[in-house]
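As a plain string of letters, each chain reads:
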Amino acid sequence: MAQKVILGAEDIRRTLARIAHEILERNQSSRDLVIIGMYTRGVPLANRLAENILRFEGLEIPVGTLDFSLYRDDLDSQRFHPTIKNTDIPFSINNKIVVLVDDVLFTGRSTRAAMDALIDYGRPKAIQLAVLVDRGHRELPVRADYIGKNIPSARDEKIKVRLTETDGQDEVLILDD
Ligand code: 5GP
Ligand code: MG
């Protein structure tokens, strides 16, 4: 299996600094901002964006976690339920601008599910999407507002995102077999 580094640690650091600036530039009323990381790797990315915004503007933005993955509660049944195990949104999202953060955007189905789940928590003023990698192949009319890097990929290629918090190191690789 061949693998190629697309983003190194320094690239990721600069990219997240740029996206934090873009979020601030786009949202003048940044007091209404909240950031929600999509479990798993969207969570450290969300935290880093909030840290950058704190550093750049002295603004503390609430950060939450959304886990919309499906789990089977009973191995004998084919019923799947969204898990709320790793969901933690300890603030109101009513009238807030919610920036959803994910590591990779692919078909758009996770984003759609995340927006669906979010609506159960309240009525945001707006939802925006930030992703570290957009690898294309959308199956739904979803687009990201903030993109770290567009990586045109073949359907059977995989993007590997490694982050210090979850994997001990920051890098993005493309794998093909
Ligand atoms: P989608 O729902 O848009 O098809 O896929 C996005 C979700 O699946 C994201 O949560 C992302 O973490 C994961 N994902 C999809 N494709 C890839 C990929 O190539 N690499 C990684 N690391 N995650 C992916
Ligand atoms: Mg994911």
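Here the structure is shown first, and the text comes after it.
Criteria and thresholds
- Residues numbered from 1 in each chain as written.
- Chains lettered and ligands numbered in written order.
- Predicted model: local features only at pLDDT ≥ 70, side-chain atom pairs only at ≥ 80, totals over all residues.
- Heavy atoms only, no water.
- Helix = DSSP H or I, 4+ residues; strand = E, 2+ residues; numbered from the N terminus.
- Buried < 20%, exposed > 50% of the residue type's maximum accessible area, 1.4 Å probe, protein only.
- Contact = heavy atoms within 4.5 Å.

> Any chance you could break down the overall build of the protein for me, citing the residues and the numbers?
On a plain count of helices and strands, the protein comes out with four helices and ten strands. Mapped from its N terminus to its C terminus, the protein presents α and β elements in the order β-α-β-α-β-β-β-β-α-β-β-β-α-β. Along the longest, intermediate and shortest principal axes, the C-alpha atoms of the protein span 45 × 45 × 30 Å. Per-residue burial for the protein yields a buried fraction of 46% across its 177 residues. Across the protein, every contact between residues at least 6 apart in sequence was considered, and the portion connecting residues at least 24 apart equals 67%.

> Account for unusual backbone geometry, naming residues and giving values.
Backbone torsion omega between Tyr39 and Thr40 reads 15°, so that peptide bond is classified as cis. Take Thr40: it is sitting in the loop between strand 2 (33-38) and helix 2 (42-57). Although it is not a glycine, Asn95 adopts a positive phi angle of roughly 60°. Tracing the backbone through its elements, the reader meets Asn95 in the loop between strand 5 (80-82) and strand 6 (97-105).

It is worth stressing that arrangement in space is one thing and function is another; only the former is reported here.
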